[in-house]
Amino acid sequence: MSLKIAMIGAGSVGFTRRLMMDLLTVPEFADTHFALMDISQRNLGMVAQLCERDIRANALPATISSTLDRREAVADADYIICMIRQGGLDAFALDIDIPLKYGVDQCVGDTICAGGIMYGQRTIPVLLGICQDIRDVAKPGALFLNYSNPMAMNTWACNKYGGVQTIGLCHGIQHGHGQIAECIELWARREGLLADDERVTMKDVDIICAGINHQTWYIQVRWRGMDMTPRLLALFEAHPAFREEEKVRIDVLRRFGYYSTESNGHLSEYVPWYRKRPDEIRDWIDLSRWIHGETGGYLRVCTEGRNWFETDFPNWLEEEPPKISADKRSLEHGSYIIEGLETGRVYRGHFNVPNQGYITNLPDGCVVEIPGYVDKNGINMPVVGDLPMAPAATCSASVRVQGMAMEAAVHGDVTLLKQAMLHDPLVGAVCNPEEVWQMTDELLVAQAEWLPNYATTEIEAARQRLAEHEARGTRVKLVDTKGAARLHTRSVEELAKDKAAQETARTSDKG
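Because the structure is predicted, anything quoted here is derived from the model rather than measured. (Residues numbered from 1 in each chain as written. Predicted model: local features only at pLDDT ≥ 70, side-chain atom pairs only at ≥ 80, totals over all residues. Heavy atoms only, no water.)

**Q** How should I be thinking about the overall build of the protein chain in this particular structure?
**A** A tally of regular secondary structure across the protein chain gives 21 helices and 12 strands. The C-alpha atoms of the protein chain give 23 Å as radius of gyration, which agrees with the globular expectation for 511 residues (24 Å, within 12%). Oriented by its inertia axes, the alpha-carbon framework of the protein chain measures out at about 70 × 60 × 55 Å. Burial analysis of the protein chain (511 residues in total) assigns 59% to the buried set. Within the protein chain, contacts between residues separated by at least 24 positions form 72% of all contacts whose residues are at least 6 apart in sequence. Surface exposure of the protein chain reaches about 20,000 Å², of which carbon and sulfur atoms provide 50%. Averaging the coordinates of the 53 positive side-chain charges in the protein chain and doing the same for the 70 negative ones gives two points 1 Å apart. (Helix = DSSP H or I, 4+ residues; strand = E, 2+ residues; numbered from the N terminus. Rg over C-alpha atoms; globule rule 2.2 N^0.38 Å. Buried < 20%, exposed > 50% of the residue type's maximum accessible area, 1.4 Å probe, protein only. Contact = heavy atoms within 4.5 Å. Areas by Shrake-Rupley, 256 points an atom, 1.4 Å probe, with all protein chains shown as cover. Lys, Arg positive; Asp, Glu negative; His and termini not counted. Charge placed at Lys NZ, Arg CZ, Asp CG, Glu CD.)

**Q** Would you take a moment to explain the packing of helix H15 (residues 389-411) against helix H16 (residues 414-423) for this structure?
**A** Packed helices, taken two at a time, are described by their axes: the angle between them and the distance between them. Their axes nearest at 8 Å, the elements H15 and H16 cross at an angle of 160°. One finds that H15 runs roughly antiparallel with respect to H16. Our pair here, H15 against H16, has a crossing hand that is left-handed. Contacts from Val401, Met404, Ala405, Glu407 and Ala408 in H15 reach Leu416, Leu417, Gln419, Ala420 and His423 in H16. Residues that form the contact of H15 with H16 fall into these classes: 7 nonpolar, 2 polar and 1 charged. (Axes fitted to C-alpha atoms, helices over the stretch in contact; angles between N-to-C directions. Parallel < 35°, antiparallel > 145°, perpendicular 65-115°, else oblique. Left-handed = near helix turned anticlockwise from the far one by under 90°. Nonpolar A, V, L, I, M, F, W, Y, C, P; charged D, E, K, R; others polar.)

**Q** Got a minute to help me understand unusual backbone geometry in this structure?
**A** Backbone phi values are negative for most residues with the exception of glycine, while trans is the configuration of most peptide bonds. Cis peptide bonds are those with omega within 30 degrees of zero, and the linkage from asparagine 149 to proline 150 qualifies with -5°. Tracing the backbone shows proline 150 in the loop between strand E5 (143-146) and helix H6 (151-162). Despite not being glycine, cysteine 113 shows a phi value in the positive range, around 60°. Relative to the helices and strands, cysteine 113 is located in helix H5 (residues 113-137).

**Q** How should I be thinking about the side chain of aspartate 312 in this particular structure?
**A** With respect to the helices, strands and loops of the structure, aspartate 312 is situated in helix H13 (residues 297-318). Reaching out from aspartate 312, the side chain makes a polar contact with the side chain of tryptophan 316 at a distance of 3.0 Å. (Polar contact = N/O pair within 3.5 Å; in protein donor to acceptor, adjacent residues only side chain to side chain.)

**Q** Would you take a moment to explain the pattern of salt bridges for this structure?
**A** For side chains bearing opposite charge, pairing can occur when the charged atoms are close. Under the defined criterion, the tally for this structure stands at 33 salt bridges. Taking the shortest distance from any N to any O, the salt bridge between arginine 71 and aspartate 136 comes out at 3.1 Å. Of this pair, arginine 71 sits in helix H3 (residues 70-74) while aspartate 136 sits in helix H5; the two residues are 65 residues apart in sequence, bridging distant segments of the chain. Using a relative accessible area of 36% as the deciding quantity, one classes arginine 71 as partly exposed. We classify aspartate 136 as partly exposed; its relative accessible area is 42%. For the salt bridge of glutamate 294 with arginine 300, the shortest nitrogen-to-oxygen distance reads 2.6 Å. By relative accessible area, glutamate 294 is classed as buried at 1%. One salt-bridge network, in which partners are shared between bridges, spans Glu294, Arg300, Glu304, Arg490 and Asp498. (Salt bridge = Lys/Arg side-chain N within 4 Å of Asp/Glu carboxyl O.)

**Q** For this particular structure, what's the right way to read the packing of aromatic side chains?
**A** Enumeration over the complete set of coordinates arrives at 15 aromatic pairs. Measuring from centroid to centroid gives 4.8 Å for tyrosine 336 and tyrosine 347, while their planes differ by 15°, and the two rings are stacked. You can see tyrosine 336 sitting in helix H14 (residues 333-343) and its partner tyrosine 347 sitting in strand E10 (residues 347-354), a full 11 residues away along the chain. A network of ring pairs unites the aromatic residues Trp217, Phe256, Trp273, Tyr274 and Trp284 as a single cluster. Its end group placed over the ring of phenylalanine 92, arginine 85 keeps NZ or CZ at 4.3 Å from the ring centre. Cation over ring: arginine 329 sits above tyrosine 336, and NZ or CZ is 3.7 Å from the ring centre. (Phe/Tyr/Trp six-rings, centres within 6.5 Å; stacked < 30°, edge-to-face > 60°. Lys NZ or Arg CZ within 6 Å of the ring centre and 35° of its normal.)

**Q** Help me out: how do you make sense of H14 in this one?
**A** An α-helical turn contains 3.6 residues, so any two residues separated by three or four positions project in the same direction. Of all 11 residues making up H14, 10 are buried, and the element is well covered by its neighbours. Every buried residue of H14 is listed here: His333, Gly334, Ser335, Tyr336, Ile337, Ile338, Glu339, Gly340, Leu341 and Glu342. Looking one or two places after H14, you find glycine 344, whose phi comes out positive at around 90°.

**Q** Teacher, can you tell me more about the packing of helix H2 (residues 41-57) against H13 here?
**A** For the pair H2 and H13, interaxial distance at closest approach is 11 Å and the crossing angle is 20°. Classified by the interaxial angle, the pair formed by H2 and H13 is roughly parallel. Crossing of H2 over H13 shows left-handed handedness. Contacts between H2 and H13 involve Arg42, Met46, Gln49, Leu50 and Arg53 on the former and, on the latter, Phe309, Glu310, Phe313, Trp316, Leu317 and Glu318.

Limitation: the analysis is restricted to geometry and does not speak to function.
Right under this line is the structure:
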């Protein structure tokens, strides 16, 4: 079967190559055409070279085209995969640095909190434009697979206003699933339940996860017929690495009774309890890797990754091309969804979809992340029922922020944007209302070039408000800080001396 798959934002080298190779492990997809599109000719050219080399080296009939024209890429596509970062790393830096002046210390800033809300304001208009292209020129019924954050806001907007079936995809559940399997294995060995040559893998541990993206909860965990959910706290506290790296997740597990899918750094900025007092932040994070809570950690590694890729690209071309084989297929859902729909092979994963009574104590219409099944009949989502009350309360607070922020982006509504910021759990824990209003004005002015959804008059009014407060001396007091746990962004020369840092740089988003 010959498919055309459009990849929008294909300059994201790690994601593009990984997803392409995953798809090419499916025998029926060997002659797929990949239409790569990006706004950066330089990044696009480098990625296209690597992808073409990988295909040739594996003697596959698949083909590649690359273009700066989005409609050309989408034309006649069966599937459209999105992995854009609107505004690139320049806008990302503003998402982190401006809120920091108001005391909002973020690790990632891509889901909710001040950074995630602004990321949505930039991204949603572009995604709605992609939806328009899909309606106009893609194959009838083409499916939109979105990897771009903020996942829930983006997927919500596309399904509500874009007129295209959009599925949001993330890999957080798989990573946490692997952690749980590792914890069970350590416990089972101590209990004498495993032979010396036995392992506990993700396939051995049955899970049900439900919630919203980046706030999904392992509400059922079973191994060998045993309910492991009540044991998880003791298992994680006994793990030699996780008890240091996942302090926020373990504390939430202690108080809620359920483990969260997301990394320590992610989870810490979605709730109001762990990052509101600068002198306490280091008590809850670990600096061995950015993902454990470092201030601006993801911005740092993405910046290092971009700089390293541009320098190291000739070496990538000289390396032995990877062998495309089923045993190297990643856990990313995208290729399995397409395989299920096209071949009928059943796939069970966790997908982001509009809630239609699937989680009964979250609002209909919001985007939830729940188990789903894919085959020739389509993507089918079972009813989960009620979330446990504490996870539901945390998700509900975020859902209301997401809904306001999504509507603000669609309609260019500054007041609604400020209300979303005001109700964000961490922003509200740190800032008073006037600080929220001023911070939002400053973010609007700084990011104006990426916000065509906001009228020029609205941006100018925000600029004028900032100037008037400055003149009257009524601006709120800013915080002179680099963050509670910010690390130095390494130069290419420094990265060249650190193999572990090079590997992190290679796998990070290049923006």
